[in-house]
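Architecture at a glance
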Amino acid sequence: MSEDNIKKFMFVNRKAPYGTVYALEALEVVLITAAFDQDVSLVFVDDGVYQLRKGQQTKGIETKNFSPTFRALEGYDIEKLYVEKESLQRRGLTEEDLLVEVTVLDSAAMGALMDEQDVILSF
Amino acid sequence: MLHIINKSPFGHETLATCFRMAQGGDVLLIEDAVYAATPGTALESLIKAALERFNIHVLQPDLDARGVGAEIIEGVHAVDYGGFVDLVTRNATSQSWL
Amino acid sequence: MKLGILINEGPYQHQASDSAYLFCKAALEKGHEIFRVFFYHDGVNNASRLTEPPQDDRNVVLRWSKLAETHHLDLVVCVAAALRRGIKDENLAPGFRISGLGQLVEAGIQADRLVTFGD
């Protein structure tokens, strides 16, 4: 694919997993976008940070646990995962509570990163 | 860039999160977010403060539908769907804060 | 300008599809091109020809079909999301087609702007 066809796609996740389907179906778009060799960033803000919480056990709600997919993203060359510091702090979470390595940014840095994107999809 | 908000600021964090992270530009209030543009609410000072950093627009048909179209906070711009389209084309990117 | 549209909510439950429709109409009136309208999540329900709203309500599905016919719009329903929700070729309204998520990514790449309507 030529350089002209590579755009910066950012996926903004602001919703918790399982209560609604958005997080799971967002992940499906992320994987397809990577297959198109696009420049992909994932952002987790507000309740979206709960998608990355360690220790998810979904047997009791008879729903597929899709959190292991986040660990597999590296295999799809998706390495840009960003979490907003304020969202973590407000929920009493630290990076240690997350199941993948992420870059923690403050609100302003996150906003600046958004300004650099070509396409932003929010789920 | 253009930030599109569609949630009431009373029931959701969406607008607050946008104001916290976004670095300026245009904000468009549509659907249930239009209540943020109405004067006399507890959030009016928040909107007025945000007007120093953002150009805030509100979709008039959504205001009218909800019975709050008569008056909006000074400095907020009312637009129709054509104005919505212009905001999208004028900005290189838009984000719907869902 | 070439515009791509993403709709994430179904008809009647949420205003997203109505807002997107009115946005598309205004964009077409201004001479812009709608490159594609992609339906995802519960948005796939906008493509069901089995919907029957009461007489005094707008017909969301029919409205999209008519707009597509008049302006040759490409209305694409995500196959994975559609199958999950029982939308298939046999109950697809006129003007819609079922295809993969790649069609959304392609819209993001090809269109000058991508606008999302959802919850």
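Presented here is a report on the structure given in the accompanying data block. (Residues numbered from 1 in each chain as written. Chains lettered and ligands numbered in written order. Predicted model: local features only at pLDDT ≥ 70, side-chain atom pairs only at ≥ 80, totals over all residues. Heavy atoms only, no water.)

Re empty space enclosed by the protein
The full count for this structure, using the stated rule, is 2 cavities of 30 Å³ or more. Taken together, Asp118(A), Val119(A), Ile120(A), Ala92(B), Thr93(B), Ser94(B), Asp112(C), Arg113(C) and Leu114(C) make up the lining of the largest cavity. Where the lining of the largest cavity is concerned, the elements lending two or more residues are β5 (119–122) of chain A together with β5 (113–117) of chain C. A breakdown of the residues in the lining of the largest cavity according to their chemical character gives 4 nonpolar, 2 polar and 3 charged. (1 Å grid on protein atoms, 1.4 Å probe; cavity = no way out; pocket = protein on both sides within 12 Å on 5 of 7 lines; lining within 4 Å. Points joined across faces, edges and corners; volume = space filled by probe spheres on them. Helix = DSSP H or I, 4+ residues; strand = E, 2+ residues; numbered from the N terminus. Nonpolar A, V, L, I, M, F, W, Y, C, P; charged D, E, K, R; others polar.)

Some details on the pairing of strand β4 (residues 96–99) of chain C
Residues and elements named next belong to chain C. Across 4 bridges, the pairing between strand β3 (residues 75–78) and β4 is parallel. By the bridge assignment for β4, Val76 is matched with Arg97. Of the crossover connections in this fold, the one passing from β3 over helix α3 (residues 79–84) to the parallel β4 is right-handed. (Pairing = 2+ DSSP bridges. Right-handed = clockwise from strand over helix to strand, strands pointing away.)

Brief notes about the interface of chain C and chain A
With 19 residues of chain C in contact, the opposing surface of chain A contributes 20 residues. Taking both sides of the interface into account, the surface hidden between chain C and chain A amounts to around 1,600 Å²; carbon and sulfur atoms contribute 60%. Area buried by chain C at its contact with chain A is led by His41(C), Val105(C) and Ile109(C), which between them contribute 34% of it. Applying the counting criterion to the chain C and chain A interface returns 3 salt bridges. The closest approach of N and O atoms between Arg85(C) and Glu25(A), which form a salt bridge, is 3.1 Å. (Contact = heavy atoms within 4.5 Å. Buried area = accessible area lost by both parts, 1.4 Å probe. Salt bridge = Lys/Arg side-chain N within 4 Å of Asp/Glu carboxyl O.)

What to know about the state of the cysteines
Residue and element names in this part refer to chain C. A full pass over the atoms with the stated rule returns 0 disulfides over all chains. Sulfur of Cys78: no disulfide; nearest cysteine sulfur belongs to Cys24 and is 18 Å away. The buried category is assigned to Cys78, whose relative accessible area is 1%. (Disulfide = S-S within 2.5 Å. Buried < 20%, exposed > 50% of the residue type's maximum accessible area, 1.4 Å probe, protein only.)

A word on the sheet that holds strand β2 (residues 33–39) of chain C
Ordered in space as β4-β3-β2-β1-β5 (chain C), the 5 strands form an open sheet in which the pairing is parallel. Among the strands making up the open sheet, the edge pair consists of β4 and β5 of chain C. Going from strand to strand, the sheet's axes swing by 25° on average, the running direction of each strand aside. Across 6 bridges, the pairing between strand β1 (residues 2–7) of chain C and β2(C) is parallel. In the sheet register, Ile5(C) faces β2(C), and the bridge partner there is Val37(C). On top of the sheet, helix α4 (residues 81–90) of chain B reaches β1 and β5 of chain C; it is set at about 130° to β5(C), its chief contact. On top of the sheet, helix α2 (residues 60–71) of chain C reaches β1, β2, β3 and β4 of chain C; it is set at about 95° to β4(C), its chief contact. (Axes fitted to C-alpha atoms, helices over the stretch in contact; angles between N-to-C directions.)

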